[in-house]
Amino acid sequence: SAVISQKPSRDICQRGTSLTIQCQVDSQVTMMFWYRQQPGQSLTLIATANQGSEATYESGFVIDKFPISRPNLTFSTLTVSNMSPEDSSIYLCSATSGGTINTGELFFGEGSRLTVL
Amino acid sequence: AQSVAQPEDQVNVAEGNPLTVKCTYSVSGNPYLFWYVQYPNRGLQFLLKYITGDNLVKGSYGFEAEFNKSQTSFHLKKPSALVSDSALYFCAVRDLNYGGATNKLIFGTGTLLAVQP
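Predicted model, so just to flag it, every value in this text is computed and none were measured.

Definitions and limits used
Residues numbered from 1 in each chain as written. Chains lettered and ligands numbered in written order. Predicted model: local features only at pLDDT ≥ 70, side-chain atom pairs only at ≥ 80, totals over all residues. Heavy atoms only, no water. Helix = DSSP H or I, 4+ residues; strand = E, 2+ residues; numbered from the N terminus. Rg over C-alpha atoms; globule rule 2.2 N^0.38 Å. Buried < 20%, exposed > 50% of the residue type's maximum accessible area, 1.4 Å probe, protein only. Contact = heavy atoms within 4.5 Å. Areas by Shrake-Rupley, 256 points an atom, 1.4 Å probe, with all protein chains shown as cover. Disulfide = S-S within 2.5 Å. Pairing = 2+ DSSP bridges. Axes fitted to C-alpha atoms, helices over the stretch in contact; angles between N-to-C directions. Buried area = accessible area lost by both parts, 1.4 Å probe. Salt bridge = Lys/Arg side-chain N within 4 Å of Asp/Glu carboxyl O. Polar contact = N/O pair within 3.5 Å; in protein donor to acceptor, adjacent residues only side chain to side chain.

**Focus on the overall build of chain B**
Phase 1 of the analysis: Of regular secondary structure, chain B possesses zero helices and twelve strands.
Phase 2 of the analysis: Its helices and strands taken in sequence order, chain B reads β-β-β-β-β-β-β-β-β-β-β-β from the N to the C terminus.
Phase 3 of the analysis: Over its C-alpha atoms chain B spans a radius of gyration of 14 Å, differing by no more than 12% from the 13 Å that the globule rule assigns to 117 residues.
Phase 4 of the analysis: Dimensions of chain B, computed from C-alpha atoms along their principal axes, come out at roughly 45 × 30 × 25 Å.
Phase 5 of the analysis: The buried share of chain B, reckoned over its 117 residues, is 47%.
Phase 6 of the analysis: Summarising the internal contacts of chain B: among those between residues at least 6 apart in sequence, 56% fall at separations of at least 24.
Phase 7 of the analysis: Accessible surface computed for chain B: about 5300 Å², of which carbon and sulfur atoms make up 49%.

So, in structure tokens, the structure goes:
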């Protein structure tokens, strides 16, 4: 298994500002993902963080709004740009390791709860 | 399209009684199915998965799930509920049609389990 740490765990932000969330995994993982969990809703995949190249975004999410970096196999960042109250959500980092890549099991961080005023 | 449905927003059960959290799925081909649990202010934790083999899958914390192909269901069960089981439970299916990451999971809307003492 993999232990995933995210920071900040929570933050209150002003409209129009940007915030970067960091995700650190305790072991080298094959794939890293970013999910969004809006209040009272399920998880929605934002993008797959690709090491050393541009992230792969899901429909409805764009790089300008959610730039993602993944400089190595254990670290990724998600930036929420030009925030509005609609961006208030929990943002979850997840990863899969070599033993689970073929079965689909994901490990999750504890999430970063953002509130935009 | 692959999907999962959790028909109950909330399930209430008395401590010591058996519990069932329902999940039905819609996939083309053989499904990879998962259950995750989310405790308050925490990330998701993996409970169990069905890939192939025995229809009854045992997981963490005494939970089990039964894969029923004819009913396209994967209900989560526990013989005797604990107050500490109170949490949000998500069913998920691996998106086999996803052309990118092989580990994209599609999550249900979640079921809040409330166990009363």
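**A look at the state of the cysteines**
Phase 1 of the analysis: For the coordinates displayed, the defined rule picks out two disulfides over all chains.
Phase 2 of the analysis: Between the sulfur atoms of A:Cys23 and its disulfide mate A:Cys93 the distance is 1.9 Å. On the sign convention where negative is left-handed, the bridge of A:Cys23 and A:Cys93, at about -70 degrees about the S-S bond, is left-handed. In this pair, A:Cys23 sits in strand β3 (residues 19-25) while A:Cys93 sits in strand β9 (residues 89-96), placing the two residues 70 residues apart along the sequence. The two residues A:Cys23 and A:Cys93 agree in class, both being buried.
Phase 3 of the analysis: Disulfide pairing is shown between B:Cys23 and B:Cys91; the S-S distance is 2.0 Å.

**Description of the sheet that holds β3(A)**
Residues and elements named next belong to chain A.
Phase 1 of the analysis: Taken in spatial order, the four strands line up as β1-β3-β8-β7 in an open sheet, and their pairing is antiparallel. Single-partner strands in this sheet number two, and they are β1 (4-7) and β7 (68-72). Taken over all neighbouring pairs, the strand axes of this sheet differ in orientation by 15 degrees on average, direction set aside.
Phase 2 of the analysis: Pairing analysis gives four bridges linking β1 to β3, with the strands arranged antiparallel. Paired with Lys7 across the strands is Gln22, a residue of β3.

**What to know about the interface of chain B and chain A**
Phase 1 of the analysis: Of the residues lining the interface, 23 residues belong to chain B; the matching set on chain A comes to 25 residues.
Phase 2 of the analysis: At the boundary of chain B with chain A, total buried surface from both sides reaches about 1900 Å², with 49% on carbon and sulfur atoms.
Phase 3 of the analysis: Between B:Arg42 and A:Glu110 there is a salt bridge, and its shortest N-O distance comes to 3.0 Å.
Phase 4 of the analysis: The tally of links between chain B and chain A comes to five residue pairs in polar contact (both at pLDDT 80 or more).

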